[in-house]
Amino acid sequence: MFDRSVERIEATDEEIEAAVEAASVPALMMSMIQMSGETGLLEGAIRPRPPEMLDVQLGLTPEEQAVMRKEALQVIRAYRDAGCPPAPPPSSETIDRMLAFLAGEPRFPEALRGLVLEELDLEGSDPRRARIDPEAIRRAGSDFHVILIGAGMSGLLVAFRLKQEGVPFTILEKNPGVGGTWFENRYPGCRVDIASHAYSFSFDPGEWQHLFGVHGEVRDYFARIAREYGLLDHIVFGAEVERATFDEASGRWHVEYRHEGRAASASGNVLVSAVGQLNRPKIPEIPGRESFRGPQMHTACWDPGFDGRDRHVAVAGSGASAFQLVPELARSASRVTVFQRSPQWMLPNPDYHDAIPEAHEWCFHHLPGYARWYRVITIWGQLDKAEARVEIDPTWDDGGLSASAVNRALRDQLVGYMESQIQEPGLLEKVVPDYPPMGTRMLQDNGSWLATLQRPNVELVPTAIERVTETGVVAEDGQEIAVDAIVWATGFHADRFLWPLEVEGRDGALLSRAWSDLPRAYLGISIPGFPNLFCLYGPNTNVAHTANVILISELQASHVLSGIKRILEHDLATIECREETAREYESRLSEALERRVWSHPKVHGFYRNASGRVVVNMPWSAADYWQWTRELDPADYLETPREVETPVGPPRTRGGPEARRTD
Ligand SMILES: Cc1cc2nc3c(=O)[nH]c(=O)nc-3n(C[C@H](O)[C@H](O)[C@H](O)COP(=O)(O)OP(=O)(O)OC[C@H]3O[C@@H](n4cnc5c(N)ncnc54)[C@H](O)[C@@H]3O)c2cc1C
């Protein structure tokens, strides 16, 4: 399924040589083992040294790479000349050895094994599939329905899993298209900061033009997923959900939404929120904003007709979106002034803007296992020892510049990287953060940010905008600057989960009230008092140090599907997270968060809510989260059997999701 290497090799020696030159050598080595069945490489002297940061060569020196490329040429030629015989996945014992080899360890870390094997899935068996007993689905009857809110990455993922099982569902989506973030964010320069081959579903690798996909190709990927897997027919577009109410008598969720300007409703046994964390653009309350006479827009609402030429553009913010936008904008705008409240850390990644050479693409299509090994290699640096980089050492004190010795070493490395690029006097002081690295999202950088800031038409003002006038902006340091347009690269209401939805659970409990101090959900997914409600990308599930959001969503989708499986196979009306389970989880979470760099006193930013608690990020490694989410433990949930339902209260809302006009 994932392994597209089924295509027979008909390439010439020269073409193979070009492909081998472009390949990731560690992935090539794994594929060589699959092609030849020979495992001698695993005992050889040329061995990966897993790096701290993204490096698909896993620390192999250019000389070592050259030796291996030469050997690969022989192996691939022999494989081609033998007619490309089937190259089945190695035995599980050999896979363990291969993983240990890549990890540079005598044994592959046990804690990571399960997760990595799932990601690898050399058999193409789709291990995250729920495998619900079809008889249970039949027994539940045609009335059984799942309502999903949101057709972004997470919503499509759950929809795919439900479709696989034949569980009826509907997605309500406010936009006219799928893809969420990638449907909305179209500002110049917008792209992923996780390698494309990892920022894709485990069941469908995608075809990528760039090592880090630009927004258009990511949007196309999700559009194809929706089309090819038959999800489009299940989506009601232009349907903004406003309210969801749990009806205790029927054990169903009643959902109210606006569709084409009119009120409509739907009902279902299970409600899945996939509304995203970064879906509600945030523009700070700045006096005078409405008085500005020129164009202004948030990065997530980019006007495709906007032409920066001959304009002086103010960009408010220097975070992830500004970091991508400004280098593009500065090419056409007559002048760009960036207002920076707080500088950002950046990770050197020379390949960040690179297209995937055709020769490398060839490897994904022709070399057995290459695509899957490459995927694992791209996430490897974010899985192993990830926590050490974000751990606060309480005994460490360097005036708050870093959080531990490991973190300090990273800081020094990153400051050195910045220094090496700066010629402009005074710039270094403005761009080096005074807080520890990893405290905010680490931005992938190929040098374009600092090069752009040193262009003659670009200025960095190291304060936020305090006021907007009819013709410009006034910075907090008092500078008044006339500008023609303003771009708000000011992020999202990331701390307001499921907002502005009104969700009413058992006994009329409102989620907005339950979460007014602190959004809390067991595993970020389930909430006591809200039966049969599951959240994707809920509180404390963003990842800033481990894996990527798609992988975490896949783990959450497994948990949700195992909940739905439980409901169906055990004839349950509802399942509901136990209060004590959620409380115990919350206390573990708080305790772990206190030890993470995002809680460091010098770190501020969107990971925290108004009270200062980190509500966005997950403190653990993806491997831990995998352990906890892979299967729903019935002991964590209260269960209500379908038979014991007492038919009291308002009449049961029947039927599936059909839009029902109520005005
Ligand atoms: C610019 C940007 C770049 C990112 N890059 C990366 C990256 O490189 N790596 C990474 O791991 N993560 C990244 N993320 C984070 C994350 O991967 C994405 O936000 C991802 O799209 C999350 O998917 P989602 O489906 O959970 O949410 P979203 O993509 O936000 O989708 C939510 C969907 O729900 C719909 N919706 C919301 N409310 C309602 C409602 N009331 N009624 C009906 N529909 C509703 C929205 O219209 C949207 O379609 C990025 C985020 C942003 C904003």
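Residues numbered from 1 in each chain as written. Predicted model: local features only at pLDDT ≥ 70, side-chain atom pairs only at ≥ 80, totals over all residues. Heavy atoms only, no water.

Participant: In this structure, what is going on with the overall build of the chain? I would like to understand it.
Facilitator: The helix and strand tally for the chain stands at 19 helices and 22 strands. Residues counted as buried form 60% of the 663 residues belonging to the chain. Long-range contacts, defined here as pairs at least 24 residues apart, represent 73% of the contacts in the chain between residues at least 6 apart. Taken as two groups, the 67 positive and 97 negative side-chain charges of the chain have centres that lie 3 Å from each other. (Helix = DSSP H or I, 4+ residues; strand = E, 2+ residues; numbered from the N terminus. Buried < 20%, exposed > 50% of the residue type's maximum accessible area, 1.4 Å probe, protein only. Contact = heavy atoms within 4.5 Å. Lys, Arg positive; Asp, Glu negative; His and termini not counted. Charge placed at Lys NZ, Arg CZ, Asp CG, Glu CD.)

Participant: Which parts of the structure should I look at to understand the packing of helix H5 (residues 110–120) against helix H19 (residues 622–629)?
Facilitator: Geometry of a packed helix pair, given as the angle between the helix axes and the separation of the axes. Running from N to C, H5 and H19 point in directions that differ by 80°, and their axes come no closer than 8 Å. By the angle between their axes, H5 is roughly perpendicular relative to H19. From H5, Ala111, Leu112, Gly114, Leu115 and Glu118 reach across to H19, where they touch Ala622, Ala623 and Trp626. Tallied by class, residues from the contact of H5 with H19 come to 6 nonpolar, 1 polar and 1 charged. (Axes fitted to C-alpha atoms, helices over the stretch in contact; angles between N-to-C directions. Parallel < 35°, antiparallel > 145°, perpendicular 65-115°, else oblique. Nonpolar A, V, L, I, M, F, W, Y, C, P; charged D, E, K, R; others polar.)

Participant: Looking at this structure, I do not really get a negative patch on the surface. What am I missing?
Facilitator: A cluster of acidic residues, Glu14, Glu15, Glu17 and Glu21, forms a negative patch at the surface. Summarising the element assignment, Glu21 is placed in helix H1 (residues 13–22). (Patch = residues over 30% accessible without salt bridge, like charges linked within 9 Å, V, L, I, M, F, W, Y side chains within 5 Å. Areas by Shrake-Rupley, 256 points an atom, 1.4 Å probe, with all protein chains shown as cover. Salt bridge = Lys/Arg side-chain N within 4 Å of Asp/Glu carboxyl O.)

Participant: Help me understand the sheet that holds strand E3 (residues 235–237) in this model?
Facilitator: Whether parallel or antiparallel, the strands of a sheet pair through hydrogen bonds between backbone atoms. Reading across the sheet, the 5 strands line up as E3-E2-E1-E7-E19 and stay open at both edges, with parallel pairing between neighbours. Each edge of the open sheet carries a strand with a single partner, namely E3 and strand E19 (533–535). Taking each pair of neighbouring strands and ignoring which way they run, the sheet shows an average axis angle of 20°. Pairing of strand E1 (residues 146–149) with strand E7 (residues 270–273), which is carried by 4 bridges, proceeds in the parallel orientation. Looking at the pairing, Leu148 lines up with Val272 of E7. Together, E1, E7 and E19 form the strand contacts of helix H17 (residues 549–569), whose direction differs from that of E7 by roughly 175°. (Pairing = 2+ DSSP bridges.)

Participant: Would you explain the site of the ligand in this entry?
Facilitator: Of all residues adjacent to the ligand, which total 34 residues, the nearest are Ser154, Glu173, Thr181, Asp193 and Tyr199. In this structure, a nitrogen atom belonging to the ligand sits 2.9 Å away from a main-chain N or O atom of Val241. Within the backbone of Val549, one N or O atom sits 2.9 Å away from an oxygen atom of the ligand. If the ligand stood free it would expose 970 Å²; the protein chains cover 96% of that surface. Secondary-structure elements contributing two or more residues to the shell around the ligand are helix H7 (153–165), strand E2 (169–173), helix H8 (181–184) and strand E4 (239–247). By residue class, the composition of the shell around the ligand is 16 nonpolar, 11 polar and 7 charged. (Near = heavy atom within 4 Å. Polar contact = N/O pair within 3.5 Å; in protein donor to acceptor, adjacent residues only side chain to side chain.)

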